[in-house]
Amino acid sequence: AQSVTQLDSHVSVSEGTPVLLRCNYSSSYSPSLFWYVQHPNKGLQLLLKYTSAATLVKGINGFEAEFKKSETSFHLTKPSAHMSDAAEYFCVVSAHNDYKLSFGAGTTVTVRA
Amino acid sequence: GAGVSQTPSNKVTEKGKYVELRCDPISGHTALYWYRQSLGQGPEFLIYFQGTGAADDSGLPNDRFFAVRPEGSVSTLKIQRTERGDSAVYLCASSRMTGNEQFFGPGTRLTVL
């Protein structure tokens, strides 16, 4: 079985400062890992995914995440937050190439001007 | 092209009533998924269709929930004898094939009074 734990329910940052969203996973198999973003009244959008290739994954809008097997972590970072980054972020795990996604509880990001 | 669409965007009903939620996937996508997102939680898998058939309905909470996809495109999630605990956002996603990136719709917010 697969599961994820997002360590922060809410993160607040100032515009132009780094963002760090923490995620730990549990998986019985070699996992696929994802980060999705959800803006209000919009569908979930894939930011990036890890599928056993490079451990440092670059995504859209300047986000990146690093897969660390020894720490069972997949933290999401961005060097400089923008106001448009305010949203809900979900860490997601599935068994490799499986269709069933298991979502974390989400982290709400607010960006202060 | 058009993304995944869901109708209605909001549905308010009374306890005990029957409701239908519709999902229009991206044209040509053979796989379709339903998830349920309760307040403050991440989405949870309900059911997955490959073509017209439900390949995995293990996430449906009980037999009041049923979904169909008769022509392999549009899908309808049906809930009988609704209960207050069914209140949630119901999300639909589609992918070109099983295991490919899932594209999510904006969801239907169901409120059972």
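Placed above this text is the structure.
Residues numbered from 1 in each chain as written. Chains lettered and ligands numbered in written order. Predicted model: local features only at pLDDT ≥ 70, side-chain atom pairs only at ≥ 80, totals over all residues. Heavy atoms only, no water.

Some points on the overall build of chain B
Counting its regular elements, chain B contains zero helices and eleven strands. When the helices and strands of chain B are read in sequence order from the N terminus, they spell out β-β-β-β-β-β-β-β-β-β-β. What you see for chain B is a C-alpha radius of gyration of 13 Å, in line with the 13 Å of a compact globule of 113 residues. Viewed in the frame of its principal axes, chain B has a C-alpha envelope of about 35 × 25 × 25 Å. Taken across its 113 residues, chain B has 45% of its residues classed as buried. Excluding contacts between residues fewer than 6 apart, the proportion of contacts in chain B whose partners are at least 24 apart in sequence is 54%. For chain B, the exposed surface amounts to about 5,500 Å²; the carbon and sulfur share of it is 47%. (Helix = DSSP H or I, 4+ residues; strand = E, 2+ residues; numbered from the N terminus. Rg over C-alpha atoms; globule rule 2.2 N^0.38 Å. Buried < 20%, exposed > 50% of the residue type's maximum accessible area, 1.4 Å probe, protein only. Contact = heavy atoms within 4.5 Å. Areas by Shrake-Rupley, 256 points an atom, 1.4 Å probe, with all protein chains shown as cover.)

Focus on the nonpolar core
All names here are of chain A. The biggest cluster of nonpolar side chains holds 26 residues, and the ones touching the most others in it are Leu21, Trp35, Leu47, Leu48, Phe74, Leu76 and Tyr89. Per-element tally for this core: the top contributor is strand E10 (residues 87-95), with four residues. Residue contacts for Leu21: discarding those within four places in its chain leaves Val11, Trp35, His75, Leu76, Tyr89, Thr107 and Val109. (Core = buried A, V, L, I, M, F, W, Y, C linked by side-chain atoms within 4.5 Å.)

Notes on the layout of surface pockets
The computed volume of the largest pocket comes to approximately 600 Å³. Residue lining of the largest pocket: 25 residues in total, with A:Gln38, A:Asn41, B:Gln37, B:Val89 and B:Arg109 positioned closest to the centre. Of the residues forming the lining of the largest pocket, the biggest block, four residues, is contributed by strand E11 (residues 108-112) of chain B. In the lining of the largest pocket, the residues fall into nine nonpolar, 13 polar and three charged. (1 Å grid on protein atoms, 1.4 Å probe; cavity = no way out; pocket = protein on both sides within 12 Å on 5 of 7 lines; lining within 4 Å. Points joined across faces, edges and corners; volume = space filled by probe spheres on them. Nonpolar A, V, L, I, M, F, W, Y, C, P; charged D, E, K, R; others polar.)

A few points about the sheet that holds strand E1 (residues 5-7) of chain B
Residues and elements named next belong to chain B. Strand order in the open sheet formed by four strands is E1-E3-E8-E7, with antiparallel pairing between adjacent strands. The open sheet has two free edges, formed respectively by E1 and strand E7 (65-68), since each of these has just one partner strand. The average undirected angle you get between the axes of adjacent strands in this sheet is 15°. The pairing of strand E3 (residues 19-24) with strand E8 (residues 75-79) spans five bridges and is classified as antiparallel. Looking across to E8, one finds that Cys23 is bridged to Ser75. (Pairing = 2+ DSSP bridges. Axes fitted to C-alpha atoms, helices over the stretch in contact; angles between N-to-C directions.)

Focus: the interface of chain A and chain B
At the junction of the two partners, chain A supplies 16 residues and chain B supplies 19 residues. For the pair chain A and chain B, the summed buried surface comes to about 1,400 Å²; carbon and sulfur atoms form 58% of the total. Across the pair A:Lys100 and B:Asp56 runs a salt bridge, and its minimum N-O distance is 3.2 Å. For the interface between chain A and chain B, the tally reads five residue pairs in polar contact (both at pLDDT 80 or more). Residue classes in the side of chain A that touches chain B are distributed as eight nonpolar, five polar and three charged. (Buried area = accessible area lost by both parts, 1.4 Å probe. Salt bridge = Lys/Arg side-chain N within 4 Å of Asp/Glu carboxyl O. Polar contact = N/O pair within 3.5 Å; in protein donor to acceptor, adjacent residues only side chain to side chain.)

Remarks on the environment of B:Thr7
Residue and element names in this part refer to chain B. With respect to the helices, strands and loops of the structure, Thr7 is situated in strand E1. The class for Thr7 is partly exposed, based on a relative accessible area of 40%. It is 8.0 Å that separates the C-alpha atoms of Thr7 and Gly107, two residues lying 100 residues apart in sequence. Once residues lying within four places of it in the same chain are set aside, the contact partners of Thr7 are Leu21, Arg22 and Thr108.

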